[in-house]
Amino acid sequence: MTCSLGVDIGAVNVKLALIDEDARLVRLDTEKVTTSAQAAVAALLSRMEREVPLDQVTRAAVSGSTAAVVPAELGWSEYSSSLSIASGVLHFHPDARTIIQIGGQSSYVVELVDGLRKPWRVASNPLCAAGTGMFLEQQAYRLGITMDDFARLALEYQGQPPRIAARCSVFAKTDLIHLQQKGVPVGAMLYALCGSIARMVVSLKKGAFQEPIYCVGGVAGNAAIIKALNEVISARNGAPVSIIVPQTHFYMEAAGAALLARASGRTATVTRLAEAETGLHYFEMPRLQKTAHQKDGWTRPPIEEPFTGYLGVDVGSTSTKAVILDESGTRVLAKSYLMTAGRPVDAVKEVFRNLLRDVGEHARIAGVGVTGSGRYLVGSFIGADLIKNEITAQTRAAADLDPEADIIEIGGQDSKLVIKRHGVVVDYQMNKACAAGTGSFIDELAEQMGVSVKNGDFARLAFEAPNTIDLGTRCAAFMTQAVASAQQGGVPIEVISASLANSIAGNYLSKVVETRKLGDKVILTGAVFYNDAVVSAFQRALEGKSIIVPVHKEVSGAIGAALLAREAGTGSASRFKGFQKVIDSNHKLSTFVCKSCDNNCTISRLDIPGEKATFYGSRCDLYDSNIATKERVETAFDERERLLFAGYREGGPGRPSVGIPRALLVYDYAPLLIGYLIELGARAVLSSKTTKHITEESTEQGYTDSC
């Protein structure tokens with residue numbers, strides 16, 4: 001028996017398909033890319049050899065992102081991903097008219113007319129990983145959801161899901177954080193992510209999708225994604241669509257490559273591959289050196305008598321923290337830190353259970369401060385006395401460490417910089433939408449390599465590296481690809497880990513600090529600085545400066561909130577409901593769309609029995625101030641708009657007609673533009689006012705690379 005072999009080298013997995021003389025599938029196998037793509041191919045060939053002697057495989061082809069790992073002298077054919085995918089699908093399903101492929105870091109839409117006999121078109125995603133499997137895995141990891149549970153939870157959600165940005169994985173992540181801090185159910189967020197992927201993929205092609213439509217690739221196995229694709233394509237086509245997922249969807253590209261190799265008749269040599277050579281394509285940079293800094297030497301003091309204390313809570317994008325300070329505000333009596341996992345209210349309850357276990361019934365809380373991205377939701381839930389933003393809270397906590405020092409704070413999804421001179425804040429900055437240079441950035445990239453940050457493995461590997469390489473200081477989505485490329489190039493995990501630590505420092509300095517001048521002393525705070533490799537990278541990048549790493553670096557925001565609540569105390573009793581009451585409280589979170597204006601904001605409503613409902617999420621204070629009425633309130637902005645467009649008459653005389661989009665600077669220049677056109681004898685035609693529907697439609701139809 002002679003066989004033909006196809007190997008698909010993807011960004012995440014390498015797939016193998018073996019077919020016999022009659023083009024029947026004999027073997028399918030896959031191997032995750034960990035050390036290098038060449039090592040994964042070698043592992044697949046080694047396993048295959050146990051069942052099929054390599055000399056029986058007379059033809060072979062390779063496709064995918066790094067097809068060059070197979071030496072040219074072996075004579076393997078090389079085919080593009082789109083051709084291999086089309087070849088595989090058409091062999092098993094000759095009626096296919098449209099093929100959608102969604103892989104780890106790529107997605108394609110292939111349009112066919114008469115198989116491959118007539119010209120066919122293919123559109124692929126840009127370099128960004130939005131709309132791919134890697135994007136889904138990153139978001140699931142952030143929410144603490146396994147990919148096995150992802151589809152089930154998403155499909156369980158009934159109702160209109162919120163909308164998440166489809167254009168960029170970074171902006172999608174930002175949308176996700178806002179939703180989770182508003183208490184949107186996890187199932188709703190997961191299905192919204194599926195809708196985001198579907199819109200991104202469908203936007204690759206204009207016009208209707210011709211049926212039958214087949215979906216292949218690893219993500220095709222996610223039933224929630226297929227449901228979302230059906231909905232989006234049905235809306236595009238104006239009629240119900242049912243996408244077909246072949247049984248061998250995961251191996252379709254590899255099978256297509258094998259079929260092309262068989263059809264070519266070209267003889268190839270299939271043998272075990274030699275070990276991949278490393279370090280050829282990267283300039284070796286100095287290794288990461290361990291540096292001495294203060295370790296976490298705190299031990300919780302025993303509490304046996306009643307005391308007065310202050311509570312601080314920090315509800316961040318990825319973690320929830322709380323501390324109890326003594327009456328003087330100088331000593332931490334108890335603290336708790338855990339991952340928010342998309343459930344801020346549940347996380348606060350769990351944190352309070354931990355604190356209650358530590359202090360028992362001894363604590364009399366005199367004041368409560370809340371900070372973080374979920375501060376408004378949690379503040380009303382627990383009965384906070386003070387709600388402050390993160391920069392204010394971090395600055396207050398750092399003032400007790402060293403009032404002269406600048407502050408570098410790195411959270412799960414954002415990074416902050418506070419510059420002080422003579423104890424006074426003179427400048428501050430946060431990262432933009434990009435998550436590069438944040439805690440989740442390094443967590444997700446480490447997870448991609450199968451390395452844990454939490455147990456110290458990442459730092460241990462980083463310090464074992466003999467050298468580092470430059471992975472760049474780019475967007476988190478591109479850094480994901482840089483790590484994948486380094487793995488496929490055979491760069492050791494130790495070197496990638498050390499280089500990632502350098503990248504997080506470089507990203508922070510280039511995107512947050514920018515051209516600002518730091519002082520002689522810098523405080524590094526945030527849970528990411530438990531990672532000694534990251535601390536060492538910052539110490540190298542900030543050479544010559546005195547670095548302070550606080551003992552309570554992971555809860556510094558909560559400490560600042562507690563201190564602010566202490567200083568704002570009026571002498572009256574705290575509004576705090578009590579640990580046990582918060583733990584036992586039954587709450588209900590729901591969402592609805594406000595129709596009071598064209599913004600159509602998604603409002604979150606928190607209901608607690610016996611208490612007035614609280615609302616979050618509007619762009620105005622219509623619900624947040626609890627004065628919701630159905631009457632629209634006239635403001636100065638309405639008067640301004642009437643004055644700006646006073647000269648405009650719809651359907652007025654004049655030819656030719658000149659269209660003006662009612663957006664951006666048109667508002668400021670409306671009197672000039674309208675008056676100018678009228679004086680020329682033309683008719684000015686303004687577009688309608690921007691609505692949520694128009695915004696969504698424009699992003700669907702006007703695809704362009706966000707970056």
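Our structure is the block above this text.
Residues numbered from 1 in each chain as written. Predicted model: local features only at pLDDT ≥ 70, side-chain atom pairs only at ≥ 80, totals over all residues. Heavy atoms only, no water.

Q: Whenever I open this one, the overall build of the chain confuses me. Can you help?
A: Scanning the chain for helices and strands turns up 21 helices and 24 strands. The long-range share in the chain, meaning contacts at least 24 apart out of those at least 6 apart in sequence, stands at 71%. Accessible area of the chain: about 31,300 Å², with a carbon and sulfur share of 52%. (Helix = DSSP H or I, 4+ residues; strand = E, 2+ residues; numbered from the N terminus. Contact = heavy atoms within 4.5 Å. Areas by Shrake-Rupley, 256 points an atom, 1.4 Å probe, with all protein chains shown as cover.)

Q: Looking at this structure, how should I read the packing of helix H13 (residues 457-464) against helix H16 (residues 532-541)?
A: To describe two helices that pack against each other, one gives the angle between their axes and the distance between the axes. Between H13 and H16, the shortest axis-to-axis distance is 7 Å and the interhelical angle comes to 50°. Looking at the two axes, H13 sits oblique to H16. Across the interface between the two elements, Phe458, Ala459, Ala462 and Phe463 from H13 touch Asp532, Ala533 and Ser536 from H16. Split into classes, the residues belonging to the contact of H13 with H16 amount to 5 nonpolar, 1 polar and 1 charged. (Axes fitted to C-alpha atoms, helices over the stretch in contact; angles between N-to-C directions. Parallel < 35°, antiparallel > 145°, perpendicular 65-115°, else oblique. Nonpolar A, V, L, I, M, F, W, Y, C, P; charged D, E, K, R; others polar.)

Q: I would appreciate a short explanation of the sheet that holds strand E13 (residues 363-371) in the present structure.
A: Whether parallel or antiparallel, the strands of a sheet pair through hydrogen bonds between backbone atoms. Spatial strand order, E12-E11-E10-E13-E14: 5 strands in an open sheet with mixed pairing. Single-partner strands in this sheet number two, and they are strand E12 (332-339) and strand E14 (386-387). With 8 bridges connecting them, strand E10 (residues 307-315) and E13 associate as parallel partners. Directly across from Leu311, in E13, lies its bridge partner Val368. Taken strand by strand, helix H9 (residues 344-359) contacts E10, strand E11 (319-326), E12 and E13, and its axis lies near 145° from that of E12. (Pairing = 2+ DSSP bridges.)

Q: Teacher, can you tell me more about unusual backbone geometry here?
A: Of all residues except glycine, most have a negative phi; of all peptide bonds, most are trans. With an omega of 0°, the peptide bond running from Glu211 to Pro212 counts as cis. Looking at where Pro212 falls in the secondary structure, it is placed in the loop between helix H6 (186-202) and strand E9 (213-216). The phi angle at Ala23 is positive, at roughly 65°, despite the residue not being glycine. Residue placement: Ala23 occurs in the loop between strand E2 (13-19) and strand E3 (25-32). Of note, the phi angle at His422 is positive, near 55°, even though the residue is not glycine.

Q: I would appreciate a short explanation of the nonpolar core in the present structure.
A: Among the nonpolar cores identified, the biggest contains 48 residues, and Ile408, Phe458, Leu500, Tyr508, Phe529 and Phe538 are the most heavily contacted of them. Secondary-structure elements contributing two or more residues to this core are strand E15 (406-410), strand E16 (415-421), helix H12 (439-448), H13, helix H14 (476-488), helix H15 (493-513), strand E18 (521-525) and H16. Per-element tally for this core: the top contributor is H15, with 12 residues. Setting aside chain neighbours within four positions, we find Leu500 in contact with Ile442, Leu445, Met449, Phe458, Leu471, Met479 and Val483. Grouped together as the second largest cluster of nonpolar side chains are 45 residues, Val109, Phe135, Ala198 and Leu204 included. (Core = buried A, V, L, I, M, F, W, Y, C linked by side-chain atoms within 4.5 Å. Buried < 20%, exposed > 50% of the residue type's maximum accessible area, 1.4 Å probe, protein only.)

Q: Is there a simple way to think about the pattern of salt bridges in this case?
A: Any two side chains of opposite charge can pair if their charged atoms end up close together. Per the stated rule, a full pass over the model turns up 33 salt bridges. Across the pair Arg272 and Glu49 runs a salt bridge, and its minimum N-O distance is 3.0 Å. Remark: Glu49 occurs in helix H1 (residues 37-49) and Arg272 occurs in the loop between helix H8 (252-264) and E10; sequence separation between them is 223 residues. One connected set of salt bridges, linked through shared partners, spans Arg27, Asp29, Glu31, Arg47 and Glu51. (Salt bridge = Lys/Arg side-chain N within 4 Å of Asp/Glu carboxyl O.)

Q: Would you take a moment to explain the sheet that holds E2 for this structure?
A: Overall, mixed pairing links the 5 strands, which are arranged E3-E2-E1-E4-E5 in an open sheet. Among the strands making up the open sheet, the edge pair consists of E3 and strand E5 (77-78). Packing of H8 onto the sheet brings it into contact with strand E1 (3-9), E2, E3, strand E4 (57-64) and E5, and relative to E1 it is tilted by some 140°.

Q: Would you take a moment to explain the packing of aromatic side chains for this structure?
A: For any pair of aromatic rings, geometry is given as the distance between the ring centres together with the angle between the planes. Counted under the stated rule, the structure contains 7 aromatic pairs. Summarising the aromatic geometry, the rings of Phe250 and Tyr251 are spaced 5.1 Å apart at their centres and angled 85° between planes, so their arrangement reads as edge-to-face. Ring plane angle 75° and centroid distance 5.1 Å describe the contact between Phe576 and Phe579, whose orientation is recorded as edge-to-face. Given the relative accessible area of 14%, Phe576 is considered buried. These aromatic residues form a ring-pair network of at least three members: Phe352, Phe576 and Phe579. Here the guanidinium or amino end of Lys15 rests over the ring plane of Phe250, the centre of that ring lying 5.4 Å away. (Phe/Tyr/Trp six-rings, centres within 6.5 Å; stacked < 30°, edge-to-face > 60°. Lys NZ or Arg CZ within 6 Å of the ring centre and 35° of its normal.)

Q: Would you take a moment to explain a nonpolar patch on the surface for this structure?
A: Together, Leu664, Leu665, Tyr669, Leu672, Leu673, Tyr676 and Leu680 make up an exposed nonpolar region whose accessible area comes to about 810 Å². Assignment of secondary structure puts Tyr676 in helix H20 (residues 666-679). Judged by its relative accessible area of 52%, Tyr676 falls in the exposed class. (Patch = residues over 30% accessible without salt bridge, like charges linked within 9 Å, V, L, I, M, F, W, Y side chains within 5 Å.)

Q: Hey, could you run me through H8 in this one?
A: Residues spaced three or four apart along an α-helix point in a common direction, a consequence of the helix completing one turn every 3.6 residues. Between its terminal C-alpha atoms H8 stretches 18 Å, which fits the 18 Å expected from 13 residues at 1.5 Å a residue. The positive-phi residue at the C-terminal boundary of H8 is Gly265, with phi of around 75°. (Expected span 1.5 Å × (residues − 1).)

Q: Any chance you could explain the packing of helix H2 (residues 81-92) against H8 here in plain terms?
A: In the contact formed by H2 and H8, the axes pass within 7 Å of each other and the chain directions differ by 85°. The angle between H2 and H8 places the two elements in the roughly perpendicular class. Facing H2, whose interface residues are Ser81, Leu83, Ser84, Ile85, Ser87, Gly88, Val89, His91 and Phe92, H8 presents Met252, Glu253, Ala255, Gly256, Ala257, Leu259 and Leu260. Split by residue class, the contact of H2 with H8 holds 9 nonpolar, 6 polar and 1 charged.

Q: Would you take a moment to explain the side chain of Ser499 for this structure?
A: You can see Ser499 is positioned in helix H15. Only 2.7 Å separates the side chain of Ser499 from the backbone oxygen of Val495, close enough to count as a polar contact. (Polar contact = N/O pair within 3.5 Å; in protein donor to acceptor, adjacent residues only side chain to side chain.)

Q: Please clarify how H16 should be interpreted in this entry.
A: For H16, the buried fraction is high: 7 of the 10 residues fall into the buried class. Those residues of H16 that sit buried are Ala533, Val534, Val535, Ser536, Ala537, Phe538 and Gln539. Where H16 begins, the side chain of Asn531 points an oxygen toward the backbone nitrogen of Ala533, at a separation of 3.0 Å.

Q: Would you mind going over the environment of Gly183 with me for this structure?
A: By secondary structure assignment, the location of Gly183 is in the loop between helix H5 (169-181) and H6. Along the sequence, Gly183 and Thr591 sit 408 residues apart, while their C-alpha atoms lie 8.7 Å from each other. In this structure Gly183 touches Leu377 and Leu589, once residues within four positions along its chain are discounted.

Q: Quick question: what am I supposed to make of the environment of Val351 here?
A: Positionally, Val351 belongs in helix H9. We classify Val351 as buried; its relative accessible area is 1%. If sequence neighbours within four positions are ignored, Val351 has contacts with Thr320, Ala322, Ser336 and Leu338.

Structural measurements only, silent on function.
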